[in-house]
Amino acid sequence: MLWGMTNADSSAAQPPPRPRRRAPAGAAVLREDVTEAIRTAVFEELAAVGYARMSIEGIARRAGVGKTAVYRRWRSKLHLVLDLVSAVAVQGLPAPDTGSLEGDLRLLYEVTSRALRHPVAGQVIPDLQAEAARNPEIAEAMRKALREGQQGVATGIVAAAVARGDIGEGVDEDLALDVMFGPLYWRSVVVRSPKLPKGYLNALTRATAAALRAL
């Protein structure tokens, strides 16, 4: 009891409860599961129909959402693809740390070749490379994803090899990157060989290690 009021008086004196605030709608709330579903749908749609025929409608249908959900996150299919390709560059590849140059290269090639042989990647990368020849924005995003995303990994492998004395100092890192990734991309992306020959990754590892030591 407060200031001589009964419980009833006290209840009557309380201010009316505030109405519950509604969660903001629209772009203020973007469910992460919906965003991930859209991202997955983009890669699948790219693999199925290519960039030129890809549409926001098709992406939304594949993701099981409305077109509005896509447009809340990206204003066009170009910006959507650029965002996803740029994200690949940020993620990059795991830096091998096996304790030897050959071990690092072999692990790198195993991970990279598995990713490049994925059916989606096998369709998406060549298609986007073709689009890059016509669209400078896509070209820049592809350059960032396919080169800068792996630059750190190559630099790490070279630096570790130099520290161990596996290779000499002063190695040209750009040339080392070309030597390390060029053959695998040529076979997987340009030639588009569906299956690597038996022992190919081991032979490539030995050849690349020898080339890096000769730089």
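Nothing here was measured: the structure is a model prediction, and the numbers come from that model.

Enquirer: Tell me about the packing of aromatic side chains, residues and numbers included.
Expert: Counted under the stated rule, the structure contains one aromatic pair. With 6.3 Å between their ring centres and 55 degrees between their planes, Phe 181 and Tyr 185 make a pair best called tilted. Separated by four residues within a single helix, Phe 181 and Tyr 185 lie in helix α9 (residues 173-190), roughly one turn from each other. Under the relative-accessibility criterion, Phe 181 is labelled buried at 4%.

Enquirer: How would you explain the pattern of salt bridges if you had to name every residue and give the values?
Expert: Summed over the entire model, instances satisfying the criterion amount to twelve salt bridges. Between Arg 62 and Glu 45 there is a salt bridge, with the nearest N and O atoms lying 2.7 Å from each other. Of the two residues, Arg 62 sits in helix α3 (residues 56-63) while Glu 45 sits in helix α2 (residues 32-53), which places them 17 residues apart along the sequence. According to the relative accessible area criterion, Arg 62 is partly exposed, its value standing at 39%. Residue Arg 213 pairs with Glu 102 through a salt bridge whose shortest N-O separation is 2.9 Å. Note that Arg 213 is positioned in helix α10 (residues 200-214) and Glu 102 in helix α6 (residues 101-116), a separation of 111 residues in sequence.

Enquirer: Run through the packing of α6 against α9, naming residues and quoting values.
Expert: Contact pair α6 / α9: the axes reach a minimum separation of 11 Å and the direction vectors enclose 30 degrees. One finds that α6 runs roughly parallel with respect to α9. Here α6 runs over α9; the crossing is right-handed. Taking contact as the criterion, the partners of Leu 105, Leu 108, Tyr 109, Thr 112, Ser 113 and Leu 116 in α6 are, on α9, Val 179, Met 180, Phe 181, Leu 184, Tyr 185, Ser 188 and Val 189. Residues belonging to the contact of α6 with α9 are distributed by class as follows: ten nonpolar, three polar and no charged.

Reading guide: rules and limits
Each residue is numbered by its place in its chain's sequence as written, counting from 1. The model is predicted, so local features are restricted to residues of pLDDT at least 70 and side-chain atom pairs to those at 80 or more, both for listing and for counting; the totals for chains, interfaces and linings are taken over all residues. Here the side-chain values reflect all heavy atoms present in the structure, with hydrogen atoms and water set aside. In this scheme Phe, Tyr and Trp rings, the latter by its six-membered ring, pair at centre separations within 6.5 Å, and the angle between planes marks the pair as stacked below 30 degrees, edge-to-face above 60, and tilted otherwise. Under the scheme used here, helices are H or I runs from DSSP no shorter than 4 residues and strands are E runs no shorter than 2 residues, and both carry numbers assigned from the N terminus. For the exposure calls, accessible area comes from a 1.4 Å probe over protein chains only, and a residue counts as buried if that area is under 20% of its type's maximum, exposed if over 50%, partly exposed in between. Salt bridge criterion: a side-chain nitrogen from Lys or Arg within 4 Å of a carboxyl oxygen from Asp or Glu. With axes taken as lines fitted to C-alpha atoms, and helix axes fitted only over the stretch in contact, angles between N-to-C directions fall between 0 and 180 degrees. Geometric relationships in this document are graded by angle, where less than 35 degrees denotes roughly parallel, more than 145 denotes roughly antiparallel, 65 to 115 denotes roughly perpendicular, and other angles denote oblique. In a left-handed crossing the near helix is turned counterclockwise from the far helix by less than a right angle, and in a right-handed crossing that turn is clockwise. Two residues form a contact once any of their heavy atoms are found within 4.5 Å. Gly falls in the polar group here, along with every residue not listed as nonpolar (Ala, Val, Leu, Ile, Met, Phe, Trp, Tyr, Cys, Pro) or charged (Asp, Glu, Lys, Arg).

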